Amino acid sequence: MAKQHVAEQETLGEAMNKTEFFFEKNGRMLSYVFLGLLVLAALVFGYRALIVSPRAEKAAEMIAEAQYRFEDQNADYALALEGDANGAGFLEVIEKYGSTPSGNLAKHYAGICYLKAGDLENAAKFLARYSPVKGIPGALINAQNYGLQGDIAVEQKDYAKAVKFYDKAVAAADNNLTAPMYLRKAGLAEQAQGNGAKAAAYYEQILTSYPASMDARDAEKLLGSIK
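Criteria and cut-off values
Residues numbered from 1 in each chain as written. Predicted model: local features only at pLDDT ≥ 70, side-chain atom pairs only at ≥ 80, totals over all residues. Heavy atoms only, no water. Helix = DSSP H or I, 4+ residues; strand = E, 2+ residues; numbered from the N terminus. Buried < 20%, exposed > 50% of the residue type's maximum accessible area, 1.4 Å probe, protein only. Contact = heavy atoms within 4.5 Å. Areas by Shrake-Rupley, 256 points an atom, 1.4 Å probe, with all protein chains shown as cover. UniProt positions renumbered as here; feature names shortened; annotations may be inferred. Phe/Tyr/Trp six-rings, centres within 6.5 Å; stacked < 30°, edge-to-face > 60°. pLDDT = per-residue confidence, 0-100. Axes fitted to C-alpha atoms, helices over the stretch in contact; angles between N-to-C directions. Parallel < 35°, antiparallel > 145°, perpendicular 65-115°, else oblique. Nonpolar A, V, L, I, M, F, W, Y, C, P; charged D, E, K, R; others polar. Polar contact = N/O pair within 3.5 Å; in protein donor to acceptor, adjacent residues only side chain to side chain. Salt bridge = Lys/Arg side-chain N within 4 Å of Asp/Glu carboxyl O. Expected span 1.5 Å × (residues − 1). Arc of directions from axis to C-beta.

- Named according to an unreviewed UniProt entry, the chain is Tetratricopeptide repeat protein originating from Alistipes onderdonkii.

Have a look at this one:
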């Protein structure tokens with residue numbers, strides 16, 4: 001029994017340590033599309049054009065350098081967070097333009113930067129300050145945000161809380177890439193609590209709803225380890 005528990009914990013650890021490759025590889029594209037759509041939406045409101053649009057544009061310009069540092073091959077997360085004389089960091093964008101689309105996105109990025117630094121408290125705080133948005137690019141970021149909050153809960157061994165966040169992540173973006181990944185994580189979190197039946201339900205959902213996904217094979221193995 002102890003051996004099985006250790007195996008489950010190792011499996012959960014492996015899942016938490018896997019980088020969400022899709023987001024890291026395509027983060028800049030998603031954020032540019034995301035910001036473009038939001039800035040465009042802001043322009044629709046004519047009576048606010050003289051206030052909202054200039055602020056949104058300035059915020060988008062300010063966040064660009066921080067995003068570049070965040071997404072660079074040799075990413076400097078501390079510099080992306082704090083900024084320097086050559087460019088603002090996410091924290092400055094939040095401070096000056098926190099109510100703009102870029103300011104909202106900066107809260108999400110700041111949370112990730114703190115998470116990379118191992119500061120779970122600030123990571124959770126800034127991720128929670130991000131407000132979910134509408135649209136496909138926004139949905140993917142919404143899902144990542146909930147998923148990262150779930151990962152933090154796992155690190156804090158609050159598996160019940162983690163499951164709730166993973167459920168939100170699945171609901172935020174129902175697709176073959178992210179949804180089965182978060183279903184798998186939810187199942188692992190249930191296993192960590194000893195809830196085999198609930199874990200099995202998550203794995204079965206992957207096999208039923210997302211049989212062609214990358215997580216389907218893992219789900220089949222994990223389901224076999226429970227039954």
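### Quick notes on the overall build of the chain
Okay, so step 1: Along the chain, the regular secondary structure elements total twelve helices and two strands.
Okay, so step 2: When the helices and strands of the chain are read in sequence order from the N terminus, they spell out α-α-α-α-β-β-α-α-α-α-α-α-α-α.
Okay, so step 3: In the chain, which comprises 227 residues, the proportion classed as buried is 48%.
Okay, so step 4: In the chain, the proportion of contacts linking residues at least 24 apart, taken out of those at least 6 apart, comes to 56%.
Okay, so step 5: When the accessible area of the chain is evaluated, it comes to approximately 11,700 Å², of which 55% is carbon and sulfur surface.

### A closer look at the UniProt feature "repeat: TPR" (unreviewed entry) in the chain
Okay, so step 1: In the numbering used here, UniProt assigns the "repeat: TPR" (unreviewed entry) feature to residues 143-176.
Okay, so step 2: In residues 143-176, helix accounts for 79% and strand for 0%; the two terminal C-alpha atoms are 13 Å from one another.

### Remarks on the packing of aromatic side chains
Okay, so step 1: In this structure the tally under the stated criterion is six aromatic pairs.
Okay, so step 2: Between phenylalanine 70 and tyrosine 77, the ring centres sit 5.3 Å apart and the planes meet at 75°, which makes this aromatic pair edge-to-face.
Okay, so step 3: Where phenylalanine 70 meets phenylalanine 90, the ring centres are 6.1 Å apart and the plane angle is 75°; that geometry is what we call edge-to-face. One end of the pair, phenylalanine 70, is in helix α3 (residues 52-71); the other, phenylalanine 90, is in helix α5 (residues 90-97), and 20 residues separate them in sequence.

### Let's talk about the confidence of the model for the chain
Okay, so step 1: Overall, the prediction assigns the chain a mean pLDDT of 84, with 77% of residues at 70 or greater.
Okay, so step 2: Looking across the chain, the model is least confident in helix α1 (residues 2-17), with a mean pLDDT of 47, and most confident in helix α7 (residues 120-129), with 98.
Okay, so step 3: Within the model, the stretch residues 1-10 combines pLDDT values under 50 with four contacts to residues more than four positions away or in other chains.

### Quick word on the packing of helix α8 (residues 136-155) against helix α9 (residues 159-172)
Okay, so step 1: Running from amino to carboxyl end, α8 crosses α9 at an angle of 170°, the nearest separation of the two axes being 8 Å. One element, α8, and the other, α9, form an angle in the roughly antiparallel class. Only Tyr159, Lys161, Ala162, Phe165, Tyr166, Lys168, Ala169 and Ala172 of α9 make contact with α8, whose side of the interface consists of Ala139, Asn142, Ala143, Tyr146, Gly147, Gln149, Gly150, Asp151, Ala153 and Val154.
Okay, so step 2: The residue inventory of the contact of α8 with α9, partitioned by class, reads eleven nonpolar, four polar and three charged.

### Some details on the side chain of asparagine 145
Okay, so step 1: Within the fold, asparagine 145 resides in helix α8.
Okay, so step 2: Given a relative accessible area of 2%, asparagine 145 falls into the buried group.
Okay, so step 3: There is a polar contact of 2.8 Å between the side chain of asparagine 145 and the side chain of glutamine 149.
Okay, so step 4: Contacts of asparagine 145, omitting those with residues within four sequence positions, involve His108, Leu127 and Tyr130.

### A short note on the pattern of salt bridges
Okay, so step 1: All chains considered together, the criterion is met by five salt bridges.
Okay, so step 2: A salt bridge links aspartate 84 to arginine 69, with the shortest nitrogen-to-oxygen separation between them at 2.7 Å. In this pair, aspartate 84 is assigned in strand β1 (residues 83-84) and arginine 69 in helix α3, connecting sequence segments 15 residues apart.
Okay, so step 3: The closest approach of N and O atoms between glutamate 92 and lysine 96, which form a salt bridge, is 2.9 Å. With glutamate 92 and lysine 96 both in helix α5, this residue pair falls four residues apart, about one helical turn.
Okay, so step 4: Given the relative accessible area of 46%, lysine 96 is considered partly exposed.
Okay, so step 5: It is possible to trace a salt-bridge network through shared partners that takes in Glu65, Arg69 and Asp84.

### As for helix α10 (residues 178-192)
Okay, so step 1: The end-to-end C-alpha distance of α10 is 21 Å, a good match for the 21 Å that 15 residues give at a rise of 1.5 Å each.
Okay, so step 2: When you tally the buried positions in α10, you get 15 out of 15 residues, the bulk of the element.

### Re helix α11 (residues 196-209)
Okay, so step 1: If you check α11, its first and last C-alpha atoms are 20 Å apart, about what 14 residues at 1.5 Å a residue would give, namely 20 Å.
Okay, so step 2: Of the positions making up α11, those classed as buried are Ala199, Ala200, Tyr202, Tyr203 and Ile206. Across the axial projection of α11, the buried residues extend over an arc of 160°, all falling on one side. Among the exposed residues of α11, those pointing more than 90 degrees away from its buried face are Ala197, Lys198 and Thr208.
Okay, so step 3: At its buried positions, α11 is contacted by α9, α10 and α12 (216-226).

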